[in-house]
Amino acid sequence: MTKKKMNKGGRNLTQGPIGQSIRSLMIPMLMGMVALLSYNIADTYFVGQLGTMELAAISFTFPVSFIVSAVTLGFGIGTASVCARLFGANKLDDVERVAVHAMILGIATGLTIITIGLATIDPLFTLLGANDTTLPVIHRYMRIYYWGGIFLVVPMISNSVLRASGNAKTPAKIMTVAAITNIILDPILIFGLFGFPRLDVEGAAIATVLSNAGTMVASIGAVMFKERLISFRHLWLDKIFDSWRRILHVGLPSLASSLIAPITTAFITYQVARFGQEAVAGFGIASRIEGLMLMALMALSAAVTPFVGQNCGGQQYDRVRLGVRWCFRFSLGYGLLAAGILALFSGPIAGIFTDDPTAIATAKLHMSIV
């Protein structure tokens, strides 16, 4: 097999200080993830200006979008794990093969999300507790949001290939630009600024889909043309299925664990809906803020995958053990800090998004406890 050098944007994670190696991936990952979550934060803020009913409707969509994100994250982690081990063993020809097969898997997954999502909007959100007032608003938002399924999965996979090589800066830049684009488009399309028609909640959905589409184009361009990690020489069914098996061997367990949080959120949303749509609006605010605070730990989780993969591929098992120990210490310290911030500032944070007293009280209660 032909040996190639690490791509120019990559980083060898089998050498150098362990903490520095993990931080070099984690910090750009954190910036990118915060940028992605700002989609939801921006949607929550601008839709909240339309009214409490619209805010409640968008809040019902949060657990579903969380589930879609968990699916994309699971496949992304599976791809990063396989590719990182191949990078560590310097098998770059195999990286090219797995990367293109992962893209095909992402397209198939995106089409599945579109099909199932569009067919289940009304029964699913009725089950979650949406009433006759909020359900039409939810339908208007989700019928557009689901069409962006491919735009969510494929960039997660292509960015995972880049991170597996040790290059976390390029994905972070792409996600940051996409987030800024979404924040700019939100008020323009929601409120009809600069001559655009006023689209209300549909505007928020269109802004998200367009931003995700831009992310997909940029991430594929980076993997294919800048880093040259995509090859179409291996489009044989036996090789495709072999790559999928290796990706899903890690991706499906990761997906299963990632689904715990959104399924729990969906159940809580159903319970909170019994106290009124205003309470759901408050819970939606709190869930998004909670998600923002957890971004550092999610970035750490995503960063440690290529670190462990490359070091396992290079048989540097002592570095793996020390790296995981470093992650445990960081998680404990950050978790205590995040708990204190949410407990102390929950009220003022909730007041940024709405002036409804029930929604604020619900958000404050949730953040103070959780």
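Asker: Provide a residue-level description of the overall build of the protein chain, including the pertinent values.
Answerer: Of regular secondary structure, the protein chain possesses 14 helices and 0 strands. What you see in the protein chain, going N to C, is helices and strands ordered as α-α-α-α-α-α-α-α-α-α-α-α-α-α. For 370 residues, the compact-globule estimate of 2.2 N^0.38 gives 21 Å, and the C-alpha radius of gyration of the protein chain, at 21 Å, lies within 12% of that figure. Its C-alpha atoms give the protein chain principal-axis dimensions of roughly 65 × 45 × 40 Å. Buried positions account for 55% of the 370 residues belonging to the protein chain. If you take every contact in the protein chain between residues at least 6 apart in sequence, the share linking residues at least 24 apart comes to 82%. Total accessible area computed for the protein chain in this model is approximately 16100 Å², and 68% of it derives from carbon and sulfur atoms.

Asker: Could you give an account of the packing of helix α2 (residues 52–88) against helix α11 (residues 277–293), naming the residues involved and the relevant values?
Answerer: Packing of α2 against α11 brings their axes to within 8 Å, and their N-to-C directions diverge by 55°. When the axis of α2 is compared with that of α11, the two are oblique. Between α2 and α11 lies a crossing whose hand is left-handed. Residues Thr52, Leu55, Ala56, Ile58, Ser59, Phe60, Thr61 and Phe62 of α2 touch α11, and the partners they reach there are Gln277, Glu278, Val280, Ala281, Gly284, Ile285, Ser287 and Arg288. Its residues placed into classes, the contact of α2 with α11 shows 8 nonpolar, 6 polar and 2 charged.

Asker: Before we move on, can you summarise the side chain of serine 219 with the specific residues and values?
Answerer: Mapped onto the secondary structure, serine 219 falls in helix α8 (residues 201–226). According to the relative accessible area criterion, serine 219 is buried, its value standing at 0%. A distance of 2.8 Å separates the side chain of serine 219 from the side chain of serine 158, its partner in a polar contact. With residues near it in sequence (within four places) discarded, serine 219 still touches Pro155, Ser158, Asn159 and Ile174.

Asker: Lay out helix α10 (residues 260–272) with the relevant residues and their values.
Answerer: Here α10 spans 18 Å end to end across 13 residues, near enough to the 18 Å set by a 1.5 Å rise per residue. Considered for burial, the residues of α10 that qualify are Pro262, Thr265, Ala266, Thr269 and Val272. With its buried residues spanning 130° around the axis, α10 presents them on a single face. Across from the buried face of α10, at angles greater than 90 degrees, the exposed residues are Ile260 and Phe267. Those residues of α10 that are buried are in contact with α2, α4 (121–128), α9 (237–258) and α11.

Asker: So what's going on with the layout of surface pockets? Residues and values would help.
Answerer: Over the atoms, a rolling probe the size of a water molecule traces out where space has been left empty. Approximately 1200 Å³ is the volume attributed to the largest pocket. If you trace the largest pocket, you find 44 residues lining it, with Phe66, Ser69, Leu73, Met295 and Met298 closest to the centre. Of the residues contributing to the lining of the largest pocket, the split by class is 26 nonpolar, 16 polar and 2 charged. Taken as a whole, the second largest pocket holds about 320 Å³ of empty space. Every residue lining the second largest pocket is counted, 16 residues in all, and those nearest its centre are Val64, Ile67, Val68, Ile116 and Tyr146. Contributions of two or more residues to the lining of the second largest pocket are made by α2, α3 (92–119) and α4.

Asker: So what about empty space enclosed by the protein? Which residues, and what values?
Answerer: Applying the stated criterion across every chain, the model contains 2 cavities of 30 Å³ or more. Here the largest cavity defines a volume of roughly 80 Å³. Met29, Met33, Leu73, Gly76, Ile77, Ala80, Met156, Ser160, Arg163, Ala302, Thr305 and Pro306 are the residues that line the largest cavity. Mapped onto the lining of the largest cavity, the elements with two or more residues apiece are α1 (18–48), α2, α6 (149–164) and α12 (295–313). Here the residues of the lining of the largest cavity are counted per class, giving 8 nonpolar, 3 polar and 1 charged. Space inside the second largest cavity adds up to approximately 40 Å³. Elements supplying a minimum of two residues to the lining of the second largest cavity: α1, α2 and α5 (135–145). Residue classes in the lining of the second largest cavity are distributed as 4 nonpolar, 3 polar and 2 charged.

Reading the values: rules and limits
- Residues numbered from 1 in each chain as written.
- Predicted model: local features only at pLDDT ≥ 70, side-chain atom pairs only at ≥ 80, totals over all residues.
- Heavy atoms only, no water.
- Helix = DSSP H or I, 4+ residues; strand = E, 2+ residues; numbered from the N terminus.
- Rg over C-alpha atoms; globule rule 2.2 N^0.38 Å.
- Buried < 20%, exposed > 50% of the residue type's maximum accessible area, 1.4 Å probe, protein only.
- Contact = heavy atoms within 4.5 Å.
- Areas by Shrake-Rupley, 256 points an atom, 1.4 Å probe, with all protein chains shown as cover.
- Axes fitted to C-alpha atoms, helices over the stretch in contact; angles between N-to-C directions.
- Parallel < 35°, antiparallel > 145°, perpendicular 65-115°, else oblique.
- Left-handed = near helix turned anticlockwise from the far one by under 90°.
- Nonpolar A, V, L, I, M, F, W, Y, C, P; charged D, E, K, R; others polar.
- Polar contact = N/O pair within 3.5 Å; in protein donor to acceptor, adjacent residues only side chain to side chain.
- Expected span 1.5 Å × (residues − 1).
- Arc of directions from axis to C-beta.
- 1 Å grid on protein atoms, 1.4 Å probe; cavity = no way out; pocket = protein on both sides within 12 Å on 5 of 7 lines; lining within 4 Å.
- Points joined across faces, edges and corners; volume = space filled by probe spheres on them.

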